[in-house]
Amino acid sequence: MRKPLVVALCALALAGAGATPAVAAAPSPTGADTTTGTAPATSPLTDLVNDTVGAVTDTLSGLTAPKAGAVNFAGTVSLSNCSGSVVRMPDSAASAPALVLTNGHCLESGFPAPGQVLTDRASSRTFGLLNASGAKVATLRADRLVYATMTDTDAAIYRLNTTYAQIKSAYGIDPLTLSGSRPAAGTAISVVSGYWKRIYSCSVDGFAYRLKEGDWTWKDSVRYTSACNTIGGTSGSPVVDDATGQVVAVNNTGNEDGGRCTVNNPCEVDENGGVTVRQGINYAQQTYPFTACFTTGNRLDLSASGCTVPKP
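The model shown is predicted, which means the values in this text are computed figures rather than measured ones.

Draft legend 1. Examining the overall build of the protein chain more closely. In terms of helices and strands, the protein chain carries 3 helices and 19 strands. A buried classification covers 50% of the 312 residues belonging to the protein chain. For the protein chain, contacts bridging at least 24 residues in sequence account for 69% of all contacts bridging at least 6. Total accessible area on the protein chain is roughly 12,900 Å²; 54% of this is exposed by carbon and sulfur atoms.

Draft legend 2. Local environment of the pattern of salt bridges. Evaluation of the coordinates by the stated rule reveals 9 salt bridges. R125 is the partner of E108 in a salt bridge, and the nearest nitrogen-oxygen pair spans 3.5 Å. One end of the pair, E108, is in the loop between β4 (97–102) and β5 (117–122); the other, R125, is in the loop between β5 and β6 (126–130), with 17 residues separating them in the sequence. In the salt-bridge network here, residues are joined through shared partners; they are D205, R223, E268 and R278.

Draft legend 3. Representation of the environment of Y147. Topologically, Y147 is positioned in strand β7 (residues 136–149). According to the relative accessible area criterion, Y147 is buried, its value standing at 1%. In sequence terms Y147 and I157 are 10 residues apart; their C-alpha atoms lie 5.2 Å from each other. Excluding residues within four positions of it along the chain, Y147 makes contact with V117, L118, T119, A155, A156, I157, F290, L300, L302, V309 and P310. For Y147, the side chain forms a polar contact with the main-chain oxygen of P310, separated by 2.6 Å.

Draft legend 4. Local environment of the packing of aromatic side chains. Enumeration according to the criterion identifies 4 aromatic pairs in this entry. Judged by centre distance (5.6 Å) and plane angle (80°), the rings of F111 and W216 are edge-to-face. Taken together, the residues span a long stretch of sequence, with F111 in the loop between β4 and β5 and W216 in strand β12 (residues 216–224) at a distance of 105 residues. For F111, a relative accessible area of 42% puts it in the partly exposed group. Taking relative accessible area as the criterion, W216 reaches 11% and is therefore assigned buried. For the pair Y147 and F290, a centre-to-centre distance of 5.5 Å together with 75° between the ring planes defines the contact as edge-to-face. Of the two residues, Y147 sits in strand β7 while F290 sits in the loop between β17 (282–286) and β18 (294–295), which places them 143 residues apart along the sequence.

Draft legend 5. Representation of the state of the cysteines in the model. Per the stated rule, a full pass over the model turns up 4 disulfides. One disulfide bridge connects C261 with C267, the sulfur atoms lying 2.0 Å from each other. Residues C261 and C267 are joined through a disulfide that is right-handed, its torsion about the S-S bond being 100°. The exposure classification of C261 matches that of C267, with both residues buried. The side chain of C293 participates in a disulfide bridge whose partner is C307; the two sulfur atoms lie 2.1 Å from each other. In this structure, the disulfide formed by C293 and C307 twists by about 100° around the S-S bond and is classed as right-handed. Of this pair, C293 sits in the loop between β17 and β18 while C307 sits in the segment after β19 (299–300), and the two are 14 residues apart along the sequence. With respect to burial, C293 and C307 carry one shared label: buried. In the protein chain, the bonded cysteines, numbered by position in the sequence, are linked as 1-2, 3-4, 5-6, 7-8.

The rules we used
Residues numbered from 1 in each chain as written. Predicted model: local features only at pLDDT ≥ 70, side-chain atom pairs only at ≥ 80, totals over all residues. Heavy atoms only, no water. Helix = DSSP H or I, 4+ residues; strand = E, 2+ residues; numbered from the N terminus. Buried < 20%, exposed > 50% of the residue type's maximum accessible area, 1.4 Å probe, protein only. Contact = heavy atoms within 4.5 Å. Areas by Shrake-Rupley, 256 points an atom, 1.4 Å probe, with all protein chains shown as cover. Salt bridge = Lys/Arg side-chain N within 4 Å of Asp/Glu carboxyl O. Polar contact = N/O pair within 3.5 Å; in protein donor to acceptor, adjacent residues only side chain to side chain. Phe/Tyr/Trp six-rings, centres within 6.5 Å; stacked < 30°, edge-to-face > 60°. Disulfide = S-S within 2.5 Å.

Below, the structure written as structure tokens:
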């Protein structure tokens with residue numbers, strides 16, 4: 001999971017004061033174990049300093065990075081701890097209450113437990129709406145958390161107290177549309193972070209049959225090529241197909257230190273249980289399954305035909 005940079009800085013301060021950060025115990029999956037891109041061993045404090053300084057450098061350079069192609073920030077949002085976007089389903093009406101997509105691990109209440117699915121919860125969370133250039137033009141507010149989980153996928157969908165038409169009329173901004181199709185390997189994509197106001201450009205490298213991180217496991221995860229070197233705070237960013245402009249996934253994690261299946265160090269597990277660790281490679285969770293789960297008025301219907309997302 002991708003933490004905002006401020007959390008890393010706080011961790012650095014604690015480490016300097018002698019505090020010991022909590023770590024998750026690595027599981028012991030069966031099968032072949034392949035590690036790629038393993039870095040030389042260093043001390044935990046040195047790793048933390050290097051990672052934090054690198055994140056600061058990447059972030060500061062990214063704040064002035066040019067936009068990637070035709071993709072821009074319009075419709076993306078900044079959260080208190082993550083990124084996100086105002087989204088519509090392919091058949092959502094302009095009069096429907098608008099939806100915001102981010103990660104399940106970005107919830108204000110903390111990480112959902114493995115196997116936990118949250119639906120229809122009261123929420124008053126706020127989101128900073130960005131225009132095409134990345135400037136904040138409004139504060140949007142949710143009235144419900146419609147759906148959230150970290151099981152099989154890592155996604156949260158909020159319902160706003162305003163409609164798409166009202167947002168368009170007031171700010172001239174359209175929502176992003178979720179694609180109803182699975183992305184293909186080789187697709188050119190952009191990861192658009194409202195938190196950092198930065199766009200990462202790369203391609204879909206392939207898919208992880210299972211992606212395991214700590215106690216959580218995700219299915220059919222999108223693996224980026226190395227150019228999408230996302231950092232803390234990019235969690236929840238929409239992954240946009242450059243050719244269609246539609247959202248095909250939601251950015252959620254990456255292997256930071258070469259660790260094996262631990263928090264912030266996910267590993268890939270294949271159909272035979274073989275484990276592959278790809279240090280420095282980042283991932284997203286596909287979003288097309290959600291398009292079958294919303295009906296008229298953006299109402300969630302988990303019993304709808306074709307709705308395959310995890311259920312409570």
